[in-house]
Amino acid sequence: IFNIIDKYKNHPSILKIKENVPDDISFSFRPVDFNAVIDEISNLSLSKSVPVESIPTKIVKENSDIFGQKILIDFNNSIRTGLFPTNQKLADVIPIFKNTEKHHKENYRPVSILPVLSKIFERLMFHQLNDFMNDKLSIFLCGFRKGMNVQKLYTFYGRKMEKAP
């Protein structure tokens, strides 16, 4: 990680962020409350796969009051200790076909099927990171940001977007 930080410390995008964000601002994860956990459980998709030896999403959703308490305790302990639960690091890795020749291993990519509890941890962390970073990033950095797109840029600049000929 230190090599990566050193390699990109003078990258134009990093320099621009440093130009606009004070040095004394730092980020750290905060404990969450029960409602935040329940919200994430309710937003889980039943159509997503889970590892074979994992708790099914449907069971977690149907028993959110029970699982919510356990997830709340585990997540907040994780924040306090800085350690991610070992059993949540396990995933089923399956090959997904991506190209024309099914007989060549190069035409497959690995996809990790994560436990539902890991997905909830991920979403809880995402919200905190996103809230911290969102106002520090340029409006021109639209990729992978919810609600940020070219249409919004045109609206920001008071222009009407026209269809290509």
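Residues numbered from 1 in each chain as written. Predicted model: local features only at pLDDT ≥ 70, side-chain atom pairs only at ≥ 80, totals over all residues. Heavy atoms only, no water.

## Description of the overall build of the protein chain
Worth spelling out the cut-off: Each helix corresponds to a stretch of at least 4 residues labelled H or I by DSSP, and each strand to a stretch of at least 2 residues labelled E; elements are numbered beginning at the N terminus. When checking whether two residues touch, look at their non-hydrogen atoms; a contact exists if any pair is within 4.5 Å. Note on areas: Shrake-Rupley with a 1.4 Å probe; residue coverage comes only from the protein chains shown.
Along the protein chain, the regular secondary structure elements total 7 helices and 2 strands. Listed N to C, the secondary structure of the protein chain is α-α-α-α-α-β-β-α-α in terms of helices and strands. Sequence separation of 24 or more characterises 54% of the internal contacts of the protein chain that already satisfy a separation of 6 or more. As displayed, the protein chain offers around 13,000 Å² of accessible surface, 58% of which is attributable to carbon and sulfur atoms.

## Quick notes on a nonpolar patch on the surface
For clarity, the cut-off: Patch membership is restricted to residues that have no salt bridge and whose relative accessible area is over 30%. Joining uses 9 Å for like charges and 5 Å for the nonpolar side chains Val, Leu, Ile, Met, Phe, Trp and Tyr. Take a side-chain nitrogen of Lys or Arg and a carboxyl oxygen of Asp or Glu: if they are within 4 Å of each other, that pair is a salt bridge.
On the surface, Ile1, Phe2 and Ile5 cluster together into a nonpolar patch covering about 430 Å² of accessible area. Mapped onto the secondary structure, Phe2 falls in helix H1 (residues 2-8).

## Here's the deal with the packing of aromatic side chains
Here a ring pair, both rings aromatic, is described through the centre-centre distance and the interplanar angle of the planes. Note the following rule: Any two rings among Phe, Tyr and Trp, with Trp reduced to its six-membered ring, count as a pair given centres within 6.5 Å; such a pair is stacked if its planes are under 30 degrees apart, edge-to-face if over 60, and tilted if neither.
Under the criterion given, the structure shown has 5 aromatic pairs. When the centroid spacing of 5.1 Å and the interplanar angle of 55° are considered together, the rings of Phe27 and Phe132 count as tilted. Here Phe27, found in the loop between helix H2 (12-20) and helix H3 (34-42), pairs with Phe132, found in helix H6 (residues 116-133); they are 105 residues apart in sequence, far enough to count as distant. Taking the centre distance of 5.2 Å and the plane angle of 80° together, the rings of Phe75 and Phe121 count as edge-to-face.

## A look at the confidence of the model for the protein chain
Interpretation of this model should avoid reading the predicted coordinates in detail wherever pLDDT is low. Heads up, the rule is: Across the chain, each position has a pLDDT score giving the predictor's confidence in that residue, from 0 to 100.
Here the protein chain averages 86 in pLDDT, and 84% of its residues register 70 or above. The weakest mean pLDDT in the protein chain belongs to helix H7 (residues 150-156) at 63; the strongest belongs to H3 at 97.

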